[in-house]
Amino acid sequence: MSGSAVRPYRPEDEPDVRQLIEADRLPGQPCCTPQKLAAARSGRVPVADWTVPARPQTRVLTDAEDCPCGIIAYLAWTDVHTGLVCRVHAREDPPALRALLGHALAALKDCRQVDAFVDAPPGPLGPGGLPRTRRRATHDALLQSGFTGRRQGCYLHCALPAEPPPAKLVADVLPCEFPRATG
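Calculation rules
Residues numbered from 1 in each chain as written. Predicted model: local features only at pLDDT ≥ 70, side-chain atom pairs only at ≥ 80, totals over all residues. Heavy atoms only, no water. Salt bridge = Lys/Arg side-chain N within 4 Å of Asp/Glu carboxyl O. Helix = DSSP H or I, 4+ residues; strand = E, 2+ residues; numbered from the N terminus. Buried < 20%, exposed > 50% of the residue type's maximum accessible area, 1.4 Å probe, protein only. Lys, Arg positive; Asp, Glu negative; His and termini not counted. Contact = heavy atoms within 4.5 Å. Pairing = 2+ DSSP bridges.

(A) Main features of the pattern of salt bridges. A full pass over the atoms with the stated rule returns 8 salt bridges. In this structure, arginine 7 and aspartate 66 form a salt bridge, with 2.9 Å as the shortest nitrogen-oxygen distance. One end of the pair, arginine 7, is in strand β1 (residues 5–8); the other, aspartate 66, is in the loop between β2 (57–62) and β3 (68–77), and 59 residues separate them in sequence. A relative accessible area of 33% places aspartate 66 in the partly exposed class. Note that glutamate 14 and arginine 18 form a salt bridge whose closest N and O atoms lie 2.8 Å from each other.

Here's what the structure looks like:
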């Protein structure tokens, strides 16, 4: 996207960010209020039973006038080298979604595993997971960025080498010289 940049979220971005989240809101999902946005940004992200050591990093994609046109939140666990894309909103605009996901993957480059939209309990901004039927452009952008698209409640980033690793011997199978016991 020409003239765009990804930068940290700033307090003055809040009205535009709420509009981005509202544009992607699912039917029946609660509206994004300033309080819910603040809770999502400052609180811990509920991911199954994992303990999150730090707040998510929130970044906005801006246009040439520095107006937010996309937002992404991600975090990393340094002890297990795992990253997580918590949420991404860009009014289902494919180039904006790809730019945001590319930024997050670059920031999470030291992680051996990167998940996205892990099926989690509802947080301040609504349910976890990503419904493909309502967020098709986001789903497609995740696939184009290297995540899997299998139905498993989350997306896993697969950075695989071009050639598979050589097979490893894991067990020796030898004939038994003792007859089986009969009884």
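(B) Molecular detail of helix α4 (residues 136–144). Buried within α4 are the following residues: Ala137, Thr138, His139, Ala141 and Leu142. Positioned one or two residues after α4, glycine 146 has a phi angle of 105°, which is positive.

(C) Spatial organisation of unusual backbone geometry. Its identity is not glycine, yet arginine 91 carries a phi of approximately 55°, on the positive side. Here arginine 91 lies in the loop between β4 (82–89) and α3 (94–107). For glutamate 92, which is not glycine, the phi torsion reads 60° and is therefore positive. By the secondary structure assignment, glutamate 92 is in the loop between β4 and α3.

(D) Main features of the environment of glutamine 57. Mapped onto the elements of the fold, glutamine 57 is located in strand β2. On the accessibility criterion, glutamine 57 (35% relative accessible area) is partly exposed. In this structure the C-alpha to C-alpha distance between glutamine 57 and alanine 104, which are 47 residues apart in sequence, comes to 9.2 Å.

(E) Geometry of the side chain of arginine 59. Note that arginine 59 resides in strand β2. One buried charged residue, arginine 59, remains without a salt bridge, the closest side chain of opposite sign being aspartate 13 at 9.6 Å. When residues no more than four places from it in sequence are discounted, the contact partners of arginine 59 are Val6, Arg7, Pro8, Tyr9, Gly70, Ile71, Ile72, Tyr74, Leu100 and His103.

(F) Examining the pairing of β3 more closely. Across the 10 residues of β3, 8 count as buried, placing the element largely inside the fold. By the bridge criterion, 6 bridges tie β2 to β3 in an arrangement that is antiparallel. Following the sheet pairing, arginine 59 is matched in β3 by isoleucine 72. Linking β3 to β4, which pair antiparallel, is a turn of 4 residues; within it histidine 81 sits at a positive phi near 55°.

Worth remembering: the numbers are spatial, not functional.
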